[in-house]
Amino acid sequence: MNTANRAGHLFVAAYVVLLIAFGIVPTGYAVYFAFTDGNNRFAGLTNFAAAAEDFRYLPAIGHVALYLVCWLVSLVVLVVGLALLLHRLSSRAAGTALRFLYYLPGALAGAASVLVWLFMLDPSVSPVSFLLRAAGFDTFGQVVAPGHLPVLFTVIAFWTGAGGWIVVMYGALNTISPDLLEAARIDGAGAWQTAWRVQIPLLRKWIVYLLILAFAGGTQLFVEPQLLSQASVGVAGRDYSLNQLSYDFAFQYDHVNTAAAVSVELLVVSVVVAGVFVARSGFFDAG
């Protein structure tokens, strides 16, 4: 075995160890708890039924579904659009500066980003309080009213995570042959036609990859509603998302098995949706 092969196996081995330790083992542990009771006896679907019968379960599904619609649509449209605009910049220095600015918010951890937005959304201390008051919001409670939460969570998530995806899409755009873009220009295609008919179709697999990861992350909504609930003294609700509900089952009611059932449901939904995206998009097709 040559040096290159050994190095490759070492890198893969390190990943496999971490995958087993922090991915497969915890998943297996959750599945075990989901199908057993407090006495470690097989319980079938009892824990899943207990979760579904909770009065907060269906509203939490609705909240997460609405957030996912707002989040995924805004992410795809704005990320692809901003990446295309960035790619058209003729100035290399300007493009580099913008890529850095796009990526900078992602350097903050999720909790830190939410804390920044708690400050920004409070009309009493926000540097953009004049905009909040112009929109009719005089108190923090009015800003974080339940009806506003899907949009607020989308804004926070976009600010935190979209920059990295813009950089990824920009890199993908750079892999498109300049000859192909030049041919489109010679054929009379303008900027919009080139983007719609040439660049976006070639970004299809990258967009599918974005959707898979963004959907999986979106179903795990927890930090944003949890911190907003604490900061607003319950106005935002401590059982807004399924992950919050699972947290309450485990740490408020000591129903670890029911919490595990909710976690397994989220895993199954994410895997099924990812499988549909992959199958319908030809994600692993050559070319």
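Residues numbered from 1 in each chain as written. Predicted model: local features only at pLDDT ≥ 70, side-chain atom pairs only at ≥ 80, totals over all residues. Heavy atoms only, no water.

**Observations concerning helix 14 (residues 256–281)**
- Counted at 1.5 Å a residue, the expected span for helix 14 with its 26 residues is 38 Å, and the 37 Å between its end C-alpha atoms agrees.
- Inspection of helix 14 places Asn 257, Thr 258, Ala 259, Ala 260, Ala 261, Val 262, Val 264, Leu 266, Ser 270, Ala 274 and Ser 281 among the buried residues, and these make up the whole buried set.
- Directly after helix 14, the chain includes Gly 282, whose backbone phi takes a positive value near 65 degrees. (Helix = DSSP H or I, 4+ residues; strand = E, 2+ residues; numbered from the N terminus. Expected span 1.5 Å × (residues − 1). Buried < 20%, exposed > 50% of the residue type's maximum accessible area, 1.4 Å probe, protein only.)

**Quick word on the packing of helix 3 (residues 57–88) against helix 11 (residues 204–219)**
- Contact geometry of helix 3 with helix 11 gives a least axis separation of 10 Å together with a crossing angle of 150 degrees. One finds that helix 3 runs roughly antiparallel with respect to helix 11. Along this stretch, helix 3 crosses helix 11, giving a crossing that reads as right-handed. Every residue of helix 11 that contacts helix 3 at Val 64, Tyr 67, Leu 68, Trp 71, Leu 72, Leu 75, Val 76, Val 79 and Val 80 is listed here: Ile 207, Leu 210, Leu 211, Ala 214, Phe 215, Gly 218 and Thr 219. (Axes fitted to C-alpha atoms, helices over the stretch in contact; angles between N-to-C directions. Parallel < 35°, antiparallel > 145°, perpendicular 65-115°, else oblique. Left-handed = near helix turned anticlockwise from the far one by under 90°. Contact = heavy atoms within 4.5 Å.)

**Examining a nonpolar patch on the surface**
- A grouping of Val 12, Tyr 15, Val 16, Leu 19, Ile 20, Ile 24 and Val 25 is seen on the molecular surface, where their side chains present a nonpolar patch of about 620 Å² in accessible area.
- Tracing the sequence through the fold places Val 12 in helix 1 (residues 3–34).
- A relative accessible area of 49% places Val 12 in the partly exposed class. (Patch = residues over 30% accessible without salt bridge, like charges linked within 9 Å, V, L, I, M, F, W, Y side chains within 5 Å. Areas by Shrake-Rupley, 256 points an atom, 1.4 Å probe, with all protein chains shown as cover. Salt bridge = Lys/Arg side-chain N within 4 Å of Asp/Glu carboxyl O.)

**Quick notes on the side chain of Thr 154**
- For Thr 154, the location among the structural elements is in helix 8 (residues 149–174).
- For Thr 154, the side chain forms a polar contact with the main-chain oxygen of Pro 150, separated by 2.7 Å.
- Filtering out sequence-adjacent residues up to four positions away, Thr 154 remains in contact with Tyr 67, Cys 70, Trp 71 and Ser 74. (Polar contact = N/O pair within 3.5 Å; in protein donor to acceptor, adjacent residues only side chain to side chain.)

**A few points about the packing of helix 3 against helix 8**
- Remark: helix 3 packs on helix 8, axes separated minimally by 8 Å, with the N-to-C direction vectors making an angle of 35 degrees. Between helix 3 and helix 8 lies a crossing whose hand is right-handed.
- Class assignment for the residues of the contact of helix 3 with helix 8 results in 21 nonpolar, four polar and no charged. (Nonpolar A, V, L, I, M, F, W, Y, C, P; charged D, E, K, R; others polar.)

**Some details on unusual backbone geometry**
- Although it is not a glycine, Asn 40 adopts a positive phi angle of roughly 65 degrees.
- Take Asn 40: it is sitting in the loop between helix 1 and helix 2 (46–53).
- Look at Asn 40 and you get partly exposed, because its relative accessible area is 48%.
- Positive phi values are uncommon outside glycine, yet Asp 254 reaches one of about 60 degrees.
- Its location among the elements puts Asp 254 in the loop between helix 13 (242–251) and helix 14.

**So, the nonpolar core**
- Counting 46 residues, the largest nonpolar core has Trp 71, Leu 75, Val 79, Leu 149 and Leu 228 as its most contacted members.
- Contributing elements (two or more residues each) for this core: helix 3, helix 5 (110–120), helix 7 (140–143), helix 8, helix 9 (178–186), helix 10 (191–202) and helix 11.
- In terms of residue count, the dominant contributor to this core is helix 8 (13 residues).
- Apart from residues no more than four positions distant in its own chain, Leu 149 is found in contact with Val 144, Leu 228, Ala 236 and Tyr 240. (Core = buried A, V, L, I, M, F, W, Y, C linked by side-chain atoms within 4.5 Å.)

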